[in-house]
Amino acid sequence: MMVQMLVDGVVAASFITLGVVGLSMVYNILNFPTFAQGDHIATGGYIALGLVALIGTAGSIAGLSFGWPLILALVCAAVLNGVVALALDRAIFSRLRRQNASRISLIMASFGVALMLRHLIIVFAGHEPHYFSFAIQPALDFGGVRITRNELVAVAVTTALVIGLHLFLSRTWLGKSMRAVSENPSLAKVNGIDVNRVILWTWVISAGLAAVAGVLLGVVVQIHPFMGFELLLPMFAALIVGGMTSIYGAVLGALLIGLAEGITVQYFVPEYRQAVSFIVVILVLMVRPNGILGEKA
Amino acid sequence: MTAALHLEVTDLVAGYAPDVPILRGMSLSVHTGEIVTVLGPNGAGKSTLIKAIAGLVPTSSGAIRVRGNNIMGLATHRLVTAGVAYVPQVDNIFTRLSVQENLEIGGMAAPIELRQRIAEIYALFPDLARLRQLAAGKLSGGQRQMVAVARALMARPHLIMLDEPSAGLSPKLTEMVFQKLLDVRALGVTVLVVEQNAKAALAISDRGYVLAEGQQRFTGTASDLLCSPEVGELYLGTRTKLAS
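Residues numbered from 1 in each chain as written. Chains lettered and ligands numbered in written order. Predicted model: local features only at pLDDT ≥ 70, side-chain atom pairs only at ≥ 80, totals over all residues.

Participant: If you had to explain the overall build of chain B to someone new, which residues and values would you point to?
Facilitator: The helix and strand inventory of chain B stands at ten helices and ten strands. In terms of C-alpha radius of gyration, chain B reaches 17 Å, essentially the compact-globule figure of 18 Å for 244 residues. Overall, chain B is about 50 × 40 × 35 Å in size when its C-alpha atoms are taken along their principal axes. Contacts in chain B between residues far apart in sequence, at least 24 positions, make up 67% of those at least 6 positions apart. (Helix = DSSP H or I, 4+ residues; strand = E, 2+ residues; numbered from the N terminus. Rg over C-alpha atoms; globule rule 2.2 N^0.38 Å. Contact = placed C-beta atoms within 7 Å.)

Here it is, written out as structure tokens:
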């Protein structure tokens with residue numbers, strides 16, 4: 001029971017993680033929390049759904065409910081979702097930056113983008129949930145702990161991407177530039193870093209990871225227009241718990257929030273899930289006012 | 001001074017708001033291989049001058065030439081490729097990055113031979129070599145200033161501009177930082193310093209300018225400025241020390 005709860009928590013945490021990493025990157029580099037992050041997740045899921053409809057869902061590999069077409073669709077959706085984010089930046093956020101818009105204007109603009117994306121999805125794909133596959137997947141049983149192959153894949157892909165992101169941030173020029181810009185944009189400029197270029201890559205990576213979250217969520221649960229919006233509060237909870245300024249903090253925060261959700265679903269009423277996220281936020285901030293890995297303001 | 005004109009600022013007007021200029025027709029010249037200090041009271045426009053050269057403060061008229069090329073209006077991130085390094089007064093290192101990563105960021109404009117350059121810089125700043133893996137935010141004030149100067153030198157600049165390198169440092173550390181600037185000059189780098197600490201800065205400088213209300217008030221060799229009672233009394237606030 002205890003272990004099952006942890007496993008469910010880790011699965012829930014993987015979707016939050018993939019979303020909050022982008023939220024954290026945008027927050028630290030563009031200096032505002034984007035309320036559209038949830039809807040980027042949904043958009044990514046729907047793009048993959050559209051691609052699968054085009055290329056078919058043929059086959060299944062290693063007992064999963066999906067085959068190569070979905071993997072191809074996932075990669076394409078990650079790229080296309082990045083393109084969508086770039087287009088939105090060009091059309092909206094870059095204009096606001098040029099006018100030195102306040103943080104609150106940027107947040108409000110992101111609210112607008114969120115509503116636009118969500119309702120475009122409803123216009124084109126309707127309210128009803130969609131599934132990548134209707135195949136019923138039997139759960140694997142590890143001594144009483146049950147997990148489906150799809151869930152295992154979601155956790156594995158998330159882990160791999162988090163490790164990859166860590167290597168990217170600590171080993172590559174672009175990753176180091178991003179860390180430099182997130183701490184001190186004007187000093188980054190003085191060192192020859194093109195801040196605008198860093199911003200564009202931030203959108204691409206953030207939206208790319210969001211698309212992966214959307215596809216995995218679609219594979220494990222379902223695709224529906226509010227799938228990303230429903231992740232927005234847990235993502236913000238994870239960001240706050242983690243300390244706002246650290247991507248690693250955000251990942252830890254996601255794990256904590258995911259586990260809290262796992263416990264709630266197991267022991268309490270599932271509807272209390274999001275309330276529990278915020279109880280965790282309050283408790284963590286009482287002990288560490290700047291979050292797990294946050295710096296003193 | 002027969003050396004070539006390295007940095008030439010002519011009638012520069014600059015400020016954050018176009019109708020409220022902070023610099024009001026500032027002129028200054030630095031020759032290759034010189035150390036030149038810009039002095040002046042708080043609010044005189046010293047930092048604005050250096051930031052305007054770095055492209056961080058809007059300029060409205062005048063000219064800024066580096067080795068004869070006009071760099072006015074150049075995007076800040078292109079300054080490094082023009083061979084100009086800038087060490088801001090505050091927030092001049094990336095505190096969350098390690099010492100080594102700070103140097104790597106500094107060398108981004110010239111990533112070929114990066115390892116060799118890092119080795120050269122550690123030879124110049126031996127104390128930093130053993131701190132290389134440490135987050136720069138954990139360093140002391142003097143060490144931070146060394147990281148800031150080391151980072152700026154990574155891109156092999158021919159001109160380095162420093163904004164109040166003595167800010168927040170003890171007299172002993174201040175002297176150490178200024179002694180380091182002599183080493184930097186010995187590498188063939190021209191140095192422009194903006195300072196409040198007139199005595200320490202002029203001690204290593206060839207020439208100096210005194211700035212007040214956005215314009216140049218006095219200029220001369222470092223020893224002239226140090227000995228001038230007028231300069232001391234009016235702008236350096238060190239009358240008793242200098243006049244005695």
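Now that the structure has been shown, the text picks up again.
Participant: Describe the overall build of chain A, naming the residues involved and giving the relevant values.
Facilitator: When helices and strands are tallied, chain A shows eleven helices and two strands. In sequence order, the secondary structure elements of chain A are arranged as α-α-α-α-β-β-α-α-α-α-α-α-α. Since a compact globule built from 297 residues should have a radius of gyration of about 19 Å, the 19 Å found for chain A is in line with a globular shape. Taken over the C-alpha atoms alone, chain A extends approximately 55 × 50 × 35 Å along its principal axes. Looking at chain A as a whole, 49% of its 297 residues qualify as buried. In chain A, of all internal contacts separated by at least 6 residues, the share reaching a separation of at least 24 is 74%. (Buried ≥ 20, exposed ≤ 12 C-beta atoms within 10 Å, placed from the backbone.)

Participant: So what's going on with the sheet that holds strand E6 (residues 84-87) of chain B? Residues and values would help.
Facilitator: All names here are of chain B. Spatially, E6-E7-E8-E3-E9-E10 is the arrangement adopted by the six strands of the open sheet, whose pairing is mixed. At either margin of the open sheet sits one strand with a lone partner, and together these are E6 and strand E10 (215-221). Going across the sheet, the axis of each strand differs from the next one's by a mean of 15 degrees, ignoring polarity. Two elements, strand E3 (residues 35-39) and strand E9 (residues 207-212), share four bridges in a ladder whose sense is parallel. The residue of E9 that forms the bridge with valine 36 is arginine 207. Set on the sheet, helix H5 (residues 141-153) makes contact with E6 and strand E7 (159-163); between it and E6 the angle comes to about 165 degrees. (Pairing = 2+ DSSP bridges. Axes fitted to C-alpha atoms, helices over the stretch in contact; angles between N-to-C directions.)

Participant: Lay out the environment of Gly294(A) in plain terms, naming residues and giving numbers.
Facilitator: Residue and element names in this part refer to chain A. Tracing the sequence through the fold places glycine 294 in the segment after helix H11 (273-287). Overall, the presence of 19 C-beta atoms within 10 Å leaves glycine 294 in the partly exposed class. On a C-alpha basis, the gap between glycine 294 and isoleucine 240 in space is 8.9 Å, while along the polypeptide they are 54 residues apart. Setting aside residues up to four positions removed in sequence, glycine 294 forms contacts with Gly243, Met244, Thr245, Ser246 and Gly249.

Participant: Got a sec to walk through the confidence of the model for chain B? Specific residues and values, please.
Facilitator: Residue and element names in this part refer to chain B. Confidence in the prediction for chain B averages 89 pLDDT; 94% of positions are at 70 or higher. Scored below 50 in pLDDT, residues 239-244 makes eight contacts in the model with residues more than four places away or belonging to other chains. Interface confidence in the predicted complex, given as ipTM, is 0.87; pTM for the same model is 0.90. (pLDDT = per-residue confidence, 0-100.)

Participant: How would you sum up H11(A)? Please name residues and give values.
Facilitator: All names here are of chain A. End to end, H11 covers 22 Å across 15 residues, agreeing with the expected 21 Å (1.5 Å per residue, within 8%). Those residues of H11 not exposed but buried are Arg273, Val276, Ser277, Val280, Val281 and Val284. With its buried residues spanning 150 degrees around the axis, H11 presents them on a single face. Away from the buried face of H11 by more than 90 degrees, exposed residues Ile282 and Met286 are located. Contact partners of the buried residues in H11: helix H9 (229-242) and helix H10 (247-267). (Expected span 1.5 Å × (residues − 1). Arc of directions from axis to C-beta.)

Participant: Describe the pairing of E3(B), and please don't skip the residues or the numbers.
Facilitator: All names here are of chain B. Across the five residues that make up E3, a large majority, five, are buried. The alternating pattern of E3 places Ile35, Thr37 and Leu39 and Val36 and Val38 on opposite faces, both of which are buried. Looking at chain direction, E3 and strand E8 (residues 190-194) are connected through four bridges and run parallel. The residue of E8 that forms the bridge with valine 36 is leucine 192.

Participant: Any details on the sheet that holds strand E4 (residues 59-66) of chain B? Residues and values, ideally.
Facilitator: Residue and element names in this part refer to chain B. Across the sheet, four strands lie side by side as E2-E1-E4-E5; this open sheet has antiparallel pairing. Edge positions in the open sheet fall to strand E2 (23-31) and strand E5 (69-70), since each of these has one partner strand only. Sheet topology places strand E1 (residues 5-14) next to E2; seven bridges connect them, and they run antiparallel. Bridge pairing links leucine 7 to valine 30 in E2.

Participant: Before we move on, could you go through the interface of chain A and chain B and cite the residues and values that matter?
Facilitator: Contacts between the two partners involve 14 residues from chain A, matched on the other side by 22 residues from chain B. Of all the secondary structure elements, the ones that give two or more residues to the side of chain A that touches chain B are helix H6 (173-183) and helix H7 (185-190) of chain A. Among the elements that make up the side of chain A that touches chain B, the one with the highest residue count is H6(A) (five residues). The residue makeup of the side of chain A that touches chain B, split by class, is five nonpolar, four polar and five charged. (Nonpolar A, V, L, I, M, F, W, Y, C, P; charged D, E, K, R; others polar.)

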